[in-house]
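Each chain, written out:
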Amino acid sequence: TNFGLIDDVIEGKDNVVSATFADHEASYLAGIAAAYTTKTNVVGFIGGAEGPVIDRFDAGFKKGVEDTAKELGKKIDVKVQYAGAFDAPDKGKSIAASMYNGNADVIFHASGGTGTGVFAEAIAINSQKTEAELAESQVWVIGVDRDQEADGNFKTKDDKDANCTLTSTIKGVGAAVKDISNRAMNGDFPGGEHLMYALEDGGVDLTAGAVSEDAQKAIDTAKQDIIDGKIEVPETPGK
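On a predicted model such as this, the values are computed, not experimentally measured, just so you know.

Enquirer: Just checking my understanding: could you explain the layout of surface pockets for this structure?
Expert: Any empty space left between atoms is shown by rolling a water-sized probe over those atoms. Size it by volume and the largest pocket reaches roughly 320 Å³. Taken together, 22 residues line the largest pocket, and the ones lying closest to its centre are Asp105, Ser137, Gln138, Val139 and Trp140. Contributing elements (two or more residues each) for the lining of the largest pocket: helix H1 (23–37), helix H3 (89–101) and helix H5 (131–137). If you tally residues by element for the lining of the largest pocket, the top one is H5, at 4 residues. In the lining of the largest pocket, the residues fall into 11 nonpolar, 7 polar and 4 charged.

The structure is reproduced here in structure tokens:
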């Protein structure tokens, strides 16, 4: 029996293929979206438990914010905190509250179920404002692994429909499973290999979401530059 392992690596087993994702590449694009959107010049990153997978999100996001801030000629502070778990929405909510109270207006979470609390806090803050007030001081969440637009739906103080999901990084688990399955079906199972799926093969991506036109142009340019090797995105955050 052959096995495919998602989001981790097993070495030395000929009947196991390990599939990971270039989450740092999609996170770099998320950093661009955050840098273009922030009005306070403070953004946040909330991780689940520390490790190689979440390191990629952390490193890519910070690098995307940093590079874009330079291009825009401004300084943007990136606050980073880990919840220590992927199933702690209460912890996610309290960390988000601290960041938003500390002037952050965009938070990117890579924290699984913990991120439910991040959305809950953003909605709690935004729902106290009218539609007109939101236009001046909305707080945002960047989702992870799937399009989390629906998680950001809320009603404003004046009962208008609104949404606080700026965009989401996408992890193409389906694309990886399909590729590995097809290889196995064709008698070419990549046992013992570590495959990383990236922007260039649909392994990761970023949704259009609510980003501005200028931000989308910058994202599209950076995406192609990453694919072409003109931009190298780190996989580990600098200490």
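Enquirer: So what exactly am I meant to see when it comes to the side chain of lysine 171 here?
Expert: Structurally, lysine 171 is set in strand S9 (residues 165–171). Its relative accessible area of 9% is what places lysine 171 among the buried residues. Discounting residues that sit within four places of it in the chain, lysine 171 has contacts with Asp7, Phe21, Asp23, Val53, Phe57, Asp145 and Gly203.

Enquirer: Sorry, what's going on with the nonpolar core here?
Expert: One recurring pattern in soluble globular proteins: nonpolar side chains tend to sit buried together. Counting 44 residues, the largest nonpolar core has Tyr28, Leu29, Phe45, Phe57, Phe61, Phe108 and Ile142 as its most contacted members. With 8 residues, H1 is the single largest residue contributor to this core. Excluding residues within four positions of it along the chain, isoleucine 142 makes contact with Ala30, Ala34, Phe61, Val106, Ile107, Phe108, His109, Leu166, Thr167 and Ser168. Within the second largest apolar cluster, 18 residues are counted, among which are Val42, Ala122, Val141 and Ala162.

Enquirer: Whenever I open this one, a nonpolar patch on the surface confuses me. Can you help?
Expert: A contiguous nonpolar surface patch, about 180 Å² in accessible area, is contributed by Ile6, Val173 and Val177. For valine 173, the location among the structural elements is in helix H6 (residues 173–185). Relative accessible area serves as the criterion here: at 31%, valine 173 is assigned to the partly exposed category.

Enquirer: Help me understand the pattern of salt bridges in this model?
Expert: It is possible for side chains of opposite charge to pair when their charged atoms get near one another. The full count for this structure, using the stated rule, is 15 salt bridges. Note that glutamate 121 is salt-bridged to lysine 93, the shortest N-O span being 2.7 Å. Within this pair, whereas glutamate 121 is found in helix H4 (residues 115–126), its partner lysine 93 is found in helix H3, the two being separated by 28 residues in sequence. Residue class for glutamate 121 comes out buried when judged on its relative accessible area of 11%. Looking at lysine 93, the relative accessible area reads 33%, which means it is partly exposed. Aspartate 151 is paired through a salt bridge with arginine 146; the nearest N and O atoms lie 3.2 Å apart. Within this structure, Asp7, Asp23, Asp145 and Lys171 form a network of salt bridges that share partners.

Enquirer: Mind showing me how you'd approach unusual backbone geometry here?
Expert: It is generally the case that most residues other than glycine have a negative phi and that most peptide bonds are trans. You will see that asparagine 41, though not glycine, has its phi angle at about 65°, which is positive. Here asparagine 41 is to be found in the loop between H1 and strand S3 (42–47). Positive phi, normally seen in glycine, also occurs at asparagine 103, with a value near 90°. Inspection of the secondary structure puts asparagine 103 in the loop between H3 and strand S5 (106–110). Asparagine 103 gets classed as partly exposed once you look at its relative accessible area, which sits at 42%.

So, how was this worked out
Residues numbered from 1 in each chain as written. Predicted model: local features only at pLDDT ≥ 70, side-chain atom pairs only at ≥ 80, totals over all residues. Heavy atoms only, no water. 1 Å grid on protein atoms, 1.4 Å probe; cavity = no way out; pocket = protein on both sides within 12 Å on 5 of 7 lines; lining within 4 Å. Points joined across faces, edges and corners; volume = space filled by probe spheres on them. Helix = DSSP H or I, 4+ residues; strand = E, 2+ residues; numbered from the N terminus. Nonpolar A, V, L, I, M, F, W, Y, C, P; charged D, E, K, R; others polar. Buried < 20%, exposed > 50% of the residue type's maximum accessible area, 1.4 Å probe, protein only. Contact = heavy atoms within 4.5 Å. Core = buried A, V, L, I, M, F, W, Y, C linked by side-chain atoms within 4.5 Å. Patch = residues over 30% accessible without salt bridge, like charges linked within 9 Å, V, L, I, M, F, W, Y side chains within 5 Å. Areas by Shrake-Rupley, 256 points an atom, 1.4 Å probe, with all protein chains shown as cover. Salt bridge = Lys/Arg side-chain N within 4 Å of Asp/Glu carboxyl O.

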